[in-house]
Structures are given as C-alpha cells and as structure tokens.
Amino acid sequence: MTKPATNLSENPYLADSQFPQFGSFHVEHIEPAVSQLLKDNRKVIENLVADTSQPTWQNFVEPLEVIDNRFEKVWGPVGHLDATMNSDEWHQAYTNCLEQVTQYYTETGQNAGLYQKFNQLAESAEYKTYNLAQQKVIENALRNFRLSGIALPKEKQVIYKELKQRLSQNSSQFGNNVLKATQAWYKHIKDESEIAGLPESAMGLLQQLAEQKSLEGWCVTLDFPSYLAVLTHADNRDLRAEVYKAFSTRASDQSDHTEFDNSALIETIRADRHKLASLLEFKNYAEYSLATKMAESTDQVLGFLRDLAVKSKPQAEKELATLKAFAKTALGIDDFQPWDVTYASEKLKNETLSLSQEKLRPYFPVETVLNGLFSITETLFNIKISVKEGVETWHEDVRFFELTDETNQVVGHFYLDLYARENKRGGAWMDSVITRWKHPQGQLQTPVTYLVCNFTPPIGDKEACLTHDEVTTLFHEFGHGIHHLFTKMEQLDVSGISGVPWDAVELPSQFMENFCWEREGLNFISSHTETGETLPDDLFAALKKGRGFQSAMMMLRQIEFALVDFELHTFYNPDAPEDVLDIVQRIRNEVAVVQPPSYSRQLHSFSHIFAGGYAAGYYSYKWAEVLSADAFSLFEETGILNSETGMHFKNTILAAGGSVDPMVLFKAFRGREPQIDALLRHSGIHA
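Residues numbered from 1 in each chain as written. Predicted model: local features only at pLDDT ≥ 70, side-chain atom pairs only at ≥ 80, totals over all residues. Heavy atoms only, no water.

Visitor: I tried to follow the overall build of the protein chain on my own but got confused; where do I start?
Guide: The secondary structure content of the protein chain amounts to 26 helices and 9 strands. Its C-alpha atoms give the protein chain a radius of gyration of 25 Å, within 12% of the compact-globule value 26 Å for 687 residues. Put simply, the protein chain has 687 residues, and 58% of those count as buried. A separation threshold of at least 6 residues defines the contact pool for the protein chain, and within that pool the share at least 24 residues apart is 73%. Of the roughly 28,300 Å² of accessible surface on the protein chain, a fraction of 49% belongs to carbon and sulfur atoms. Distance between charge centroids for the protein chain: 4 Å, based on 63 positive and 94 negative side chains. (Helix = DSSP H or I, 4+ residues; strand = E, 2+ residues; numbered from the N terminus. Rg over C-alpha atoms; globule rule 2.2 N^0.38 Å. Buried < 20%, exposed > 50% of the residue type's maximum accessible area, 1.4 Å probe, protein only. Contact = heavy atoms within 4.5 Å. Areas by Shrake-Rupley, 256 points an atom, 1.4 Å probe, with all protein chains shown as cover. Lys, Arg positive; Asp, Glu negative; His and termini not counted. Charge placed at Lys NZ, Arg CZ, Asp CG, Glu CD.)

Next up, the structure:
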C-alpha cells in the first residue's frame, strides 16, 4: 500500500472530484479531513450569523447548501466504508470523528443566530415569492431547530448535547457489536452427512467460507446467506437448532461471545431517548419521532398495527396449524420448534405448490435479473441505464452505472455492491452519495447512490443465481435508488430522499417489489441458466399462489417487530422501566403465533432501531406498504408496464423528493386517499 498523503491539500476526502476516490482513501485521511471540514463549516456559519443584512435565499440559504453538500461528500464515504469494508482501525477513526460530527450537528441545531435568520427569512416579503420547495426547506429548518432544543435554556442545551453525543456513540457501538458477534461465531463441518439436504449452491457457499478460513470441508457462519441456507435446507435438526440459537442470541448475554453483549446499551439508549424527548417536552420518544413523519399520533400508529394484526391472526393460526400437521405426518417432527419453521415451510411449499427457492434459483442468474430490472425501469420511466467503466470503487465486485434521459443527458449514477463478504455489515440498504442540487453558480449536480446487498456470491466459475426473495430485495433497494435519482428538486434539503418523512420513504422501494410477482416483469428478469427459458407457466402459477403462502404469519412477524419498537419508545417509565424482554413477550403473547425459546434475544441485534434510523419508526414498512400496494394497483388497472402510468408515478411521487407532503403526492397520483385492500389482497390475506 502506498503511503497516504498527510498534507491536507492532497487529502483525497477533501478533493473536489466528481465521485469519491475510493482507491486513494486511507484510515489516516479520515480525522484530518473531518476536522478541516468542520472547521471550514463553522467559519462559514459564523460569518453568516455575523452578517447584519436582511437574509435572502442567495446570501443565506445557498452558502449553507454549499457547506452541507461538501459535508455529504466528505463524511458520507467514511460511514459507508465502515459498513462495507469494516476493520477495527477504520471503525475507531469513524467513531472518533462521529463524536465531532454529532457535536457539530448539535451546536448547529442550537445556533440562535442561524435560527433567527431562518425566522427572518420566513417572515420576509421575499418568502412569499419562493417556490414550494424553497418554502419547505425553510419550514423544515425551523421545525428541526425546535427539535434540536433551540428554545431550551442554556443549561438544558448542555444536557441535550450530552444526550445526542452519547446516543450517537452508543448506536454506533451497538451496530459494531452486532457485526463483531456475527463474525465471531462459526461452525466447522468435516463430515458431509452433517449438512445433508443442502442444495449444491449452498454447499458451494459453505465450502467457500471454509476456504476463506483456510479450513477443509465446510463452514457455517451467521452471515445471512449461510444462516438461511441451513435453516431452510439442513435435514440435520440439531444443526438447525444450534445455528438458530447462535443467530438469535447474537450480541447478547445468551451468546458464546458475551463481550459483544448489547444488553446494557439497549437500556442506556432507551433511557437517553426518553430523556431527550422529555427535554423537548414530548411525552415520550415515539411522539418526538412522529414530529417528522406522516403518522399523526402514537394512537394512530398503534391502532394501525393492531388492526392489521387482528385482520391477519386468524389466518396465521390456520397457516401454523397446517404447517405443524405437515411437519408431524411428513417429516416426523412431533415437538415443532422455531428452528423447524423455515425448513418445514420450504418442504410444504415444495409439496403443495411444487415450489422452492432452490427450484426458482436457476431462473434468476444475476446478469439476467439486472438486465431485466434495467429494462423494466427504462420502459416505465423513459431512461437508459448503462455500465460506466473507470470509476474507482471500494471492492472489485462493485459495479458503477450511469442513467441518461431521452436527450442523452446524465440523470444520475449508482454503485452496486451485491455479495456478502467478511467485514461487511449484513442486510441490504441504499444510501445517498451525492444529492441533486443546483449550485449557486448555476451548474446542476446530478445524484449518486449506493445500492448494497448481501447475496450468495458466485461459487467458483459459476454465475451467481438469486432466490426469488433476493430478487425482490434487489428491486426494493433499487426503488429507494430511483427515488433519489429521479428527483427534479434543485434545493439540497428536499432533493431525492432528503426531507422525505421516514414512514413514506419505503413507498417507492416496496412499489418496485411488485414487478417481481407479475408475468410481464418476470419475462424480463428470468432466464434458466441451462435452457435460457423464462419462468414457465406452472412455476409462475405456483409463485403467484406462493405469494400468499404463510403471508399472515409473515405479516404478524413484522407487526410484532413494529409493536415492540413502538411500545418500547411510547410507554417508557423512567422510574420503573418495563423490562425489554417482558415487553417482547407481552407483545408476542398478543400477536405472535410462533413463540421463540426463552433464550432468544433478537432485540439485541435489531440494528434497525438501535443503530439505524427506525427508532419508533419500524412501523413505517407496513405503513408505506399500504401506500405502495395501492399505488401499484393503478398499474394493475392500466397495464403492469404502462409507461404513461410509469411517467405519472415518476413525475408525482419520485420527482418531488421531500418538497411536498407524501399524502398530497399520493392523492395526486392515485386520485384518492390510500386504501388497505390492495395490501391485504397482494398478501393473500382474506380479512
């Protein structure tokens, strides 16, 4: 490795390049770059506040956009690489800088001079001449100042800063513990009979994992493709139970690696979130969370979730009874356990529908799926997607793509990182690299996104093939991507996904998943690895029928997560907090049909709510799914690949970014309020 430049003028993070210079980044660059960035930003803010002239968009908001834009370009890649190329050294530098960044955001949010300027601007005659997006930027800024404690007395502002700092550090630590706990456990298997039942693709993956650890035979890890392969296919029930226990106790006191136990962090994060909300005069953290969301009250959210649970539970109980009966008669499993659910479900699905994920996998080679996804996107939204070579990435598997419109103008770009590997955070996500924005000098900056998944990588020289579940995950993340890339906004804070309420941000992602279930979409994305044929009619019919397979059980699982998250943050009593395990059990008793064993600690690896942005917001998935299913029902009426409807969706929902209330956008697209019917119908739930 070449010695990194220590001169700030040569620091690649601070370089004014079109895209991040991933090939040049070193851990030594991080702290000097972030320190310089924050120093420069503070100077700009100081000068803006000191300026005594009447604030305008040009002399006040635009300079703030300039420094915010630079901030995203410098700090964004640091966090991204912490998630995709994690090392202890990198994470330490990231954590050190996170403290500085949190402090900067907190002090900016409590800067009385900035707040006063935004107020002056909102009350000026010029404000009335601004377009909707500009007015929304100012409106959001004033709201965010209030949520940052601008009205608090000085001594309470100090407490607010301490809480924000601690929450930021503890959330980062929580996520890192989950990653470390996931990596710490593995099981070396020497006898092939121990993993009987696993398909060839899964055997190849476990062999590859063993080779990476310089071991003979096979290796089971807790990375999701490995974990899921064992739980779905391993005939060895003891192995399933062992892997299930290791996975469901990650980062907890029940794990073999208690050094990564998140128990104390969960308590601290809960307590600090409640203190933060109380400081700002909210009854609880859930109310604080809803201040920036579509949902209007905690009662509305809890009512929405419980209504879905009531509609789903009778069917879920029938689904489980059917599964248990099948497991007993066909598989000889009398004492049905949670580690049998996925295994028995796959066998039942195969028997009743002649359908399994492995049967579908050869129809979904990665390149066919990608080309099909791009073709569908091009058909619906009138753009072109092509590979762009010569752009630096963080790993050899990562690819880079360019989007152009009908006049061959660049719309945006995205990075695609598809495969699971060591030192990469689990799950799938989209994140912003660069946001669309019109520079004060007039040039238009086009947006760029990261799209990250954790699919089973290619084994040997065979092309990677995806399960249908993985195909829908890819479409989901791509939906987030086009939300960011198709924006027409030129104001940074409401462009793309910026400023979109969290419970509406899942609408485009879940909307895109629908194309994976329709014949018109499947014709584009399926091509058997040997015959080249698209998904045949019998498998398509089984897939459609299979969409409703155990859908009520899956619905309740998501509602359970959402209720645990929401109640955790709504009913917190600082004098006598209800034990988190008691909360989980109480909600399971109410809505769940499958009861995990007492050792289960799934909350301890629930990064969405303790290390991500979903605290008191996990309900957003179901909330937005109502919107996305209902939005897609218009395509069912007009034609699945109807480009006119596609352009209508693009120009209303996607183009507006965060500039307009999502309910207003939805009504503009659908012509009415959202209805729950389409979600229940798509899920195969007959309420």
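Visitor: Looking at this structure, I do not really get the environment of Lys 39. What am I missing?
Guide: Topologically, Lys 39 is positioned in helix 1 (residues 27-50). Through-space distance from the C-alpha of Lys 39 to that of Tyr 104 is 9.6 Å; in sequence the pair is 65 residues apart.

Visitor: Could you clarify how one ought to interpret the state of the cysteines in this entry?
Guide: Put plainly, two cysteines are in a disulfide when a covalent bond ties their sulfur atoms together. As enumerated under the stated definition, the model contains 0 disulfides in all. Of the cysteine sulfurs around Cys 453, a residue in no disulfide, the closest is that of Cys 516, at 12 Å. (Disulfide = S-S within 2.5 Å.)

Visitor: Is there a simple way to explain helix 4 (residues 112-122) in this structure?
Guide: Each turn of an α-helix holds 3.6 residues, which means side chains three or four residues apart point in the same direction. For helix 4, the set of buried residues is Gly 113, Leu 114, Lys 117, Phe 118 and Leu 121. Around the axis of helix 4, the buried residues are gathered within 135° of arc, so they sit on the same side. (Arc of directions from axis to C-beta.)

Visitor: Sorry if this is basic, but what is going on with unusual backbone geometry here?
Guide: Positive phi is not limited to glycine here, since Asn 382 has a value of about 55°. Locating Asn 382 in the fold gives a position in the loop between helix 15 (366-381) and strand 3 (384-387). Here the phi dihedral of Ala 616 falls at roughly 50°; this positive angle occurs in a residue that is not glycine. Position of Ala 616 relative to the elements: it lies in the loop between helix 22 (607-610) and helix 23 (620-638).

Visitor: Got a minute to help me understand empty space enclosed by the protein in this structure?
Guide: A water-sized probe, rolled over the atoms, reveals where empty space remains. With the rule as written, the count across this model stands at 2 cavities of 30 Å³ or more. Computed from the structure, the largest cavity encloses a volume of approximately 90 Å³. If you go around the largest cavity, the residues you meet are His 483, Val 500, Pro 501, Ala 504, Leu 507, Ile 653, Gly 657, Gly 658, Val 660, Pro 662, Leu 665 and Phe 666. No other element matches the 3 residues that helix 25 (residues 662-670) contributes to the lining of the largest cavity. Here the lining of the largest cavity is composed, by residue class, of 9 nonpolar, 3 polar and no charged. There is about 40 Å³ of room inside the second largest cavity. Lining of the second largest cavity is provided by Leu 48, Asp 51, Ser 53, Gln 54, Pro 55, Asn 59, Phe 60 and Lys 117. In terms of residue class, the lining of the second largest cavity is built from 3 nonpolar, 3 polar and 2 charged. (1 Å grid on protein atoms, 1.4 Å probe; cavity = no way out; pocket = protein on both sides within 12 Å on 5 of 7 lines; lining within 4 Å. Points joined across faces, edges and corners; volume = space filled by probe spheres on them. Nonpolar A, V, L, I, M, F, W, Y, C, P; charged D, E, K, R; others polar.)

Visitor: Looking at this structure, how should I read the pattern of salt bridges?
Guide: Should their charged atoms come close, side chains of opposite charge can pair. Across all of its chains, the model carries 35 salt bridges by this definition. A salt bridge links Asp 417 to Arg 421; its shortest N-O distance comes to 2.8 Å. An identical accessibility class is assigned to Asp 417 and Arg 421; each is buried. A salt bridge links Arg 670 to Glu 637; its shortest N-O distance comes to 2.9 Å. Placement of Arg 670 in helix 25 and of Glu 637 in helix 23 is noted, with a sequence separation of 33 residues between them. Given the relative accessible area of 56%, Glu 637 is considered exposed. (Salt bridge = Lys/Arg side-chain N within 4 Å of Asp/Glu carboxyl O.)

Visitor: Got a minute to help me understand the environment of Gly 109 in this structure?
Guide: With respect to the element layout, Gly 109 can be found in helix 3 (residues 88-109). Along the chain, Gly 109 and Asp 68 lie 41 residues apart, while their C-alpha atoms are 13 Å from each other. When near neighbours in sequence (up to four residues on either side) are disregarded, Gly 109 contacts Phe 145, Ser 148 and Ile 150.

Visitor: How do you make sense of the packing of aromatic side chains when you look at a structure like this?
Guide: Any two aromatic rings considered together are summarised by their centre-to-centre distance and by the angle between their planes. Considering all chains together, one arrives at 52 aromatic pairs under this definition. Plain terms: the ring middles of Phe 71 and Tyr 105 are 5.2 Å apart, the flat faces sit at 70° to each other, and that makes the pair edge-to-face. With Phe 71 in helix 2 (residues 57-84) and Tyr 105 in helix 3, this pair connects stretches of sequence that are 34 residues apart. Taken together, Tyr 13, Phe 19, Phe 22, Phe 25, Trp 394, Phe 400, Tyr 415 and Tyr 450 form an aromatic cluster joined through their ring pairs. The ring of Trp 429 carries the charged tip of Arg 425 above its face, separated from the ring centre by 3.9 Å. The side chain of Lys 650 reaches across the aromatic face of Phe 486, ending 4.9 Å from its centre. (Phe/Tyr/Trp six-rings, centres within 6.5 Å; stacked < 30°, edge-to-face > 60°. Lys NZ or Arg CZ within 6 Å of the ring centre and 35° of its normal.)

Visitor: Would you explain the pairing of strand 5 (residues 410-419) in this entry?
Guide: Moving residue by residue along a regular strand, the side chains alternate between the two faces of the sheet. For strand 5, the tally of buried residues reaches 9 of 10 residues, placing the bulk of the element in the interior. Summarising the sheet, strand 4 (residues 399-404) and strand 5 pair through 6 bridges and their orientation is antiparallel. For Arg 399, the partnering residue across the bridge sits in strand 5 and is Leu 416. Between the end of strand 4 and the start of strand 5, which pair antiparallel, lie 5 residues, with Asn 408 showing a positive phi angle near 70°. Both strand 5 and strand 9 (residues 448-455) contribute to a ladder of 6 bridges, which runs parallel. Its bridge partner lying in strand 9, Tyr 419 is registered against Phe 455. (Pairing = 2+ DSSP bridges.)

Visitor: Just checking my understanding: could you explain the sheet that holds strand 3 for this structure?
Guide: Pairing between the strands of a sheet is mediated by backbone hydrogen bonds and can be parallel or antiparallel. With respect to topology, 5 strands assemble into an open sheet ordered 3-4-5-9-6, the strand pairing being mixed. The open sheet is flanked by strand 3 and strand 6 (429-434), the only strands paired with a single partner. For this sheet the average axis-to-axis angle between neighbouring strands, irrespective of direction, equals 25°. (Axes fitted to C-alpha atoms, helices over the stretch in contact; angles between N-to-C directions.)

Visitor: Explanation requested: the side chain of Ser 255 in the structure shown.
Guide: Counting through the fold element by element, Ser 255 comes out in the loop between helix 9 (237-248) and helix 10 (263-279). Note on Ser 255: relative accessible area 14%, which makes it buried. At 2.8 Å, the side chain of Ser 255 forms a polar contact with the backbone nitrogen of His 257. (Polar contact = N/O pair within 3.5 Å; in protein donor to acceptor, adjacent residues only side chain to side chain.)

Visitor: Can you walk me through the environment of Phe 25 in this structure?
Guide: Relative to the helices and strands, Phe 25 is located in the segment before helix 1. The exposure class assigned to Phe 25 is buried, which follows from its relative accessible area of 10%. Considered as a pair, Phe 25 and Pro 536 are 511 residues apart in the sequence and their alpha carbons are 48 Å apart. Setting aside chain neighbours within four positions, we find Phe 25 in contact with Pro 12, Tyr 13, Pro 20, Pro 77, Leu 81 and Trp 90.

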